[in-house]
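These are the residues of each chain, in order.
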Amino acid sequence: QVQLVESGGGLVQPGGSLRLSCAASGSIFSINAMGWYRQAPGKQRELVADISSGGFPNYGNSVKGRTTISRDNAKNTVYLEMNNLNPEDTAVYYCYADIRRIGLGVHHDYWGQGTQVTVSS
């Protein structure tokens, strides 16, 4: 009864920028942290960024300084903006959210199905 849907992926030229969105829907009582991980071919999954319910961000080392994460709690949506993209940013980007569902007493992690980001000329 909870779904996370990512959007905004696609082909970007090196040096370009991209804005990803992830909207959570369903029987949601509250959302704690939200964030983004990515999985590139031949690499382990890594944290891109996450953000607390109060809006405090945390960034992975490889994207610090060129990435901004934000959220709109009224829309149950988290955003990721990345600048100065390079081919090593090519990956499937996965959204997650720590969600407490209506009628349940604890939070659990929910994941989107991923959106492909390809950085190439």
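Below or above, wherever it landed, is the structure these notes cover. (Residues numbered from 1 in each chain as written. Predicted model: local features only at pLDDT ≥ 70, side-chain atom pairs only at ≥ 80, totals over all residues. Heavy atoms only, no water.)

Some thoughts on the state of the cysteines
All told, the structure shown has one disulfide when counted by the stated rule. Here C22 is linked by a disulfide to C95, with a sulfur-sulfur distance of 2.0 Å. Taking the torsion about the sulfur-sulfur bond, which here is approximately -85 degrees, the covalent link between C22 and C95 counts as left-handed. Here C22 is found in strand 3 (residues 18–26), whereas its partner C95 is found in strand 9 (residues 91–101), with 73 residues between them in sequence. Judged by relative accessible area, C22 falls into the buried class, the value being 0%. (Disulfide = S-S within 2.5 Å. Helix = DSSP H or I, 4+ residues; strand = E, 2+ residues; numbered from the N terminus. Buried < 20%, exposed > 50% of the residue type's maximum accessible area, 1.4 Å probe, protein only.)

What to know about unusual backbone geometry
With a phi close to 50 degrees, N76 is a non-glycine residue in the positive phi region. Mapped onto the elements, N76 comes out in the loop between strand 7 (67–72) and strand 8 (77–82). For N84, which is not a glycine, the phi torsion comes out positive at approximately 50 degrees. Relative to the elements of secondary structure, N84 occurs in the loop between strand 8 and strand 9.

Brief notes about the sheet that holds strand 8
In spatial order, the strands read 1-3-8-7; together these four strands make up an open sheet with antiparallel pairing. In the strand order of this sheet, the two ends are held by strand 1 (2–7) and strand 7, each with one partner. Pairwise comparison of adjacent strand axes, ignoring direction, gives a mean angle of 15 degrees for this sheet. Sheet analysis places strand 3 next to strand 8, joined by six bridges and oriented antiparallel. The partner of S21 across the bridge, within strand 8, is Y79. (Pairing = 2+ DSSP bridges. Axes fitted to C-alpha atoms, helices over the stretch in contact; angles between N-to-C directions.)

Description of the packing of aromatic side chains
One pass over the structure, following the stated rule, counts three aromatic pairs. Summarising the aromatic geometry, the rings of Y37 and Y96 are spaced 5.6 Å apart at their centres and angled 55 degrees between planes, so their arrangement reads as tilted. Here Y96 lies in strand 9 and Y37 lies in strand 4 (residues 28–39), a separation of 59 residues in the sequence. Overall, the relative accessible area of 8% leaves Y96 in the buried class. Plain terms: the ring middles of Y37 and W111 are 5.6 Å apart, the flat faces sit at 55 degrees to each other, and that makes the pair tilted. With Y37 in strand 4 and W111 in strand 10 (residues 107–111), this residue pair connects regions lying 74 residues apart in the sequence. Among the aromatic side chains, those forming a connected cluster through ring pairs are Y37, Y96 and W111. Between the NZ or CZ atom of R19 and the centre of the ring of Y79, over which it lies, the distance is 4.3 Å. Over the face of the ring belonging to Y37 we find R45, whose NZ or CZ atom lies 4.5 Å from the ring centre. (Phe/Tyr/Trp six-rings, centres within 6.5 Å; stacked < 30°, edge-to-face > 60°. Lys NZ or Arg CZ within 6 Å of the ring centre and 35° of its normal.)

Re the nonpolar core
Formed by 30 residues in total, the largest nonpolar core has its most connected members in L4, W36, I69, V78, L80, Y93 and I99. Taken together, the elements giving at least two residues each to this core come down to strand 1, strand 3, strand 4, strand 5 (46–51), strand 8, strand 9 and strand 11 (115–119). Ranked by residues supplied to this core, first place goes to strand 9 with five residues. The residues touching I69, leaving out its near neighbours within four places in the chain, are M34, G35, W36, A49, D50, I51, P57, Y59, V78, Y79 and L80. (Core = buried A, V, L, I, M, F, W, Y, C linked by side-chain atoms within 4.5 Å. Contact = heavy atoms within 4.5 Å.)

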